[in-house]
Amino acid sequence: MAHTPVNHPARPIYRAIGGLTGLYLVAFGVLGLIASAGDDVLAQDDTAVLGQGTNLGFSLLSVLLGGAVLAGTAIGRNVDVLINQGLGYGGLALGLAGLAFIRTQANIFNFSVATVVVVMVVGLVLLMVGMYGKVGTDAEQDAWQKARLVL
């Protein structure tokens with residue numbers, strides 16, 4: 001039995017939100033690569049892009065993750081659901097880890113509080129998009145509807 005909606009009526013909107021989130025990650029990463037060019041990969045300095053602390057390593061990671069989200073959105077067929085859910089949970093974990101290590105030498109991605117907030121919001125958005133973007137057969141949709149209506 002599926003625990004997430006199948007063929008949700010707002011699925012195209014959620015898919016577009018996922019694509020825009022991927023575009024944001026790529027844009028942030030590219031701007032971060034430009035701003036931190038010439039620095040160490042895991043530098044802990046005052047480099048900031050769009051009000052968020054970053055370094056070369058986190059900028060590169062953002063470009064890769066944003067590219068994965070965009071590729072999943074382009075492919076569709078529930079590949080985007082798996083990518084978005086996985087990266088959503090990963091984003092939440094990364095945000096919590098960044099918050100835990102923000103004022104220590106373990107802050108390898110040069111996170112600031114603003115970066116933690118944005119990473120957590122991006123993780124939640126990707127998780128929401130992943131949970132409402134599933135495509136299935138009419139039988140799967142009917143089974144989900146019947147399971148949903150049982151009290």
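Refer to the preceding data block for the structure.
Residues numbered from 1 in each chain as written. Predicted model: local features only at pLDDT ≥ 70, side-chain atom pairs only at ≥ 80, totals over all residues. Heavy atoms only, no water.

## Let's talk about the layout of surface pockets
Link 1 in the chain: The volume enclosed by the largest pocket comes to roughly 230 Å³.
Link 2 in the chain: Contributing to the lining of the largest pocket are 17 residues, with Leu25, Leu65, Gly91, Val119 and Val122 lying nearest its centre.
Link 3 in the chain: Residue assignment for the lining of the largest pocket shows that the elements contributing at least two residues are α1 (11–35), α2 (56–75), α3 (79–100) and α4 (113–132).
Link 4 in the chain: Of the residues belonging to the lining of the largest pocket, the class tally is eleven nonpolar, six polar and no charged. (1 Å grid on protein atoms, 1.4 Å probe; cavity = no way out; pocket = protein on both sides within 12 Å on 5 of 7 lines; lining within 4 Å. Points joined across faces, edges and corners; volume = space filled by probe spheres on them. Helix = DSSP H or I, 4+ residues; strand = E, 2+ residues; numbered from the N terminus. Nonpolar A, V, L, I, M, F, W, Y, C, P; charged D, E, K, R; others polar.)

## Some thoughts on α1
Link 1 in the chain: Helix length check: α1, at 25 residues, gives a terminal C-alpha distance of 36 Å against a target of 36 Å (1.5 Å per residue), a fit within 8%.
Link 2 in the chain: Along α1, the positions that sit buried rather than exposed are Tyr14, Gly18, Gly19, Thr21, Gly22, Leu25, Phe28, Gly29 and Gly32.
Link 3 in the chain: Those residues of α1 hidden inside the fold are in contact with β1 (48–49), β2 (52–53), α2 and α4. (Expected span 1.5 Å × (residues − 1). Buried < 20%, exposed > 50% of the residue type's maximum accessible area, 1.4 Å probe, protein only. Contact = heavy atoms within 4.5 Å.)

## Considering the side chain of asparagine 55
Link 1 in the chain: Inspection of the secondary structure assignment puts asparagine 55 in the loop between β2 and α2.
Link 2 in the chain: Asparagine 55 sits in the buried class, given a relative accessible area of 2%.
Link 3 in the chain: A polar contact is formed between the side chain of asparagine 55 and the backbone nitrogen of glycine 57, at a distance of 3.2 Å. (Polar contact = N/O pair within 3.5 Å; in protein donor to acceptor, adjacent residues only side chain to side chain.)

## Describing unusual backbone geometry
Link 1 in the chain: The backbone of leucine 50 shows a phi angle near 55°, a positive value even though the residue is not glycine.
Link 2 in the chain: Along the chain, the position of leucine 50 falls in the loop between β1 and β2.
Link 3 in the chain: On the basis of relative accessible area, leucine 50 is assigned to the exposed category, the value being 53%.
Link 4 in the chain: Positive phi is not limited to glycine here, since asparagine 78 has a value of about 70°.

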